[in-house]
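Chain by chain, the residues run as shown.
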Amino acid sequence: MWAVLWARIPAWLKVGAAVVLVVLAAYQFGKWTGANDAKVAAQMDAIKEASNRISNMEKNNADFRSKSARDRCLVLMRDSGLPDSGCD
């Protein structure tokens, strides 16, 4: 029964529907990729901001200068909102 209905649909309509589906799929993929890029850009901005704060802390705070590299990394990660596991 479905085969009979499928055969009655004109070829140009089938091709048009396929093109619409491909365009929608490409749009959704682009939207998803753009959202990931925006998330990465936001994380990079947060890291740059935290790095600037840490540079100021190194210049102005002797206690911070005496911390180990891992402790400095933890401060960076916590300031930028990233997980602490990045310092391991």
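Positions within a chain are numbered from 1, following the residues in the order the chain's sequence is written. In keeping with the model being predicted, local features are shown solely for residues with a pLDDT of at least 70 and side-chain atom pairs are shown and tallied solely at 80 or more, while totals for entire chains, interfaces and linings include all residues. Excluded from the side-chain calculations are hydrogens and water; all other atoms, namely the structure's heavy atoms, are used.

Enquirer: What is the right way to read the overall build of the protein from this model?
Expert: Runs of H or I in DSSP of at least four residues are treated as helices and runs of E of at least two as strands, each being numbered from the N terminus. From N to C terminus, the protein includes four helices and zero strands. Radius of gyration: over C-alpha atoms. The globule rule applied is 2.2 Å multiplied by the number of residues raised to the 0.38 power. Taking 2.2 N^0.38 as the reference for a compact globule, 88 residues should give roughly 12 Å; the C-alpha atoms of the protein span a radius of gyration of 27 Å, well beyond that estimate. Taken over the C-alpha atoms alone, the protein extends approximately 80 × 20 × 10 Å along its principal axes. Burial classes: relative accessible area under 20% of the type maximum marks a residue as buried, over 50% as exposed, and values in between as partly exposed (1.4 Å probe, protein chains only). Burial status across the protein gives 9% buried among its 88 residues. Should any heavy atoms of two residues lie within 4.5 Å, those residues are considered in contact. Considering only contacts within the protein whose residues lie at least 6 apart along the sequence, 31% involve residues at least 24 apart. Accessible areas in this description were obtained via Shrake-Rupley with a 1.4 Å probe; residue shielding takes into account the shown protein chains only. Of the roughly 7000 Å² of accessible surface on the protein, a fraction of 65% belongs to carbon and sulfur atoms. Seen as two clouds, the 12 positive and the 9 negative side-chain charges of the protein have centres 11 Å apart. For the purpose of charge, His is not counted, nor are the chain termini; Lys and Arg are scored as positive and Asp and Glu as negative. Here the site of a charge means NZ on Lys, CZ on Arg, CG on Asp, or CD on Glu.

Enquirer: Is there a simple way to think about helix α4 (residues 69–80) in this case?
Expert: For an α-helix, the turn length of 3.6 residues means that residues three or four places apart are oriented alike. Between its first and last C-alpha atoms α4 spans 17 Å; for twelve residues at 1.5 Å apiece the expected length is 16 Å, and the two agree. Of the positions making up α4, those classed as buried are L74, M77 and S80. Down the axis of α4, the smallest arc covering the buried residues is 140°, so these residues share one side. Residues of α4 that are buried sit in contact with α2 (11–60). Downstream of α4 by a residue or two, G81 has a phi angle that is positive, lying close to 80°. For a helix, the expected span equals 1.5 Å multiplied by the residue count minus one. Directions from the helix axis toward the C-beta atoms define the arc.

Enquirer: For this particular structure, what's the right way to read the environment of L5?
Expert: By secondary structure assignment, the location of L5 is in helix α1 (residues 2–8). Counting along the chain gives 41 residues from L5 to A46, while the straight-line C-alpha distance between them is 57 Å.

Enquirer: Help me out: how do you make sense of the environment of R70 in this one?
Expert: With respect to the secondary-structure elements, R70 resides in helix α4. Looking at R70, the relative accessible area reads 42%, which means it is partly exposed. Residues R70 and D45, 25 residues apart in the sequence, show an inter-C-alpha distance of 21 Å. The residues contacting R70, other than those within four sequence positions of it, are C87 and D88.

Enquirer: Looking at this structure, I do not really get the packing of α2 against α4. What am I missing?
Expert: Packed helices, taken two at a time, are described by their axes: the angle between them and the distance between them. The contact between α2 and α4 brings their axes to 8 Å, and the two run at 135°. Judged by the angle between their axes, α2 and α4 are oblique. When the axes of α2 and α4 are compared, the crossing they make is right-handed. Here A46, I47, A50, S51, R53, I54 and E58 of α2 lie close against α4, whose contacting residues are R72, V75, L76, D79 and S80. With axes taken as lines fitted to C-alpha atoms, and helix axes fitted only over the stretch in contact, angles between N-to-C directions fall between 0 and 180 degrees. Here roughly perpendicular refers to angles of 65 to 115 degrees, roughly parallel to angles under 35, roughly antiparallel to angles over 145, and oblique to all remaining angles. Handedness of a crossing is defined here by the sense of rotation of the near helix relative to the far one, left-handed for an anticlockwise turn of less than a right angle and right-handed for a clockwise turn.

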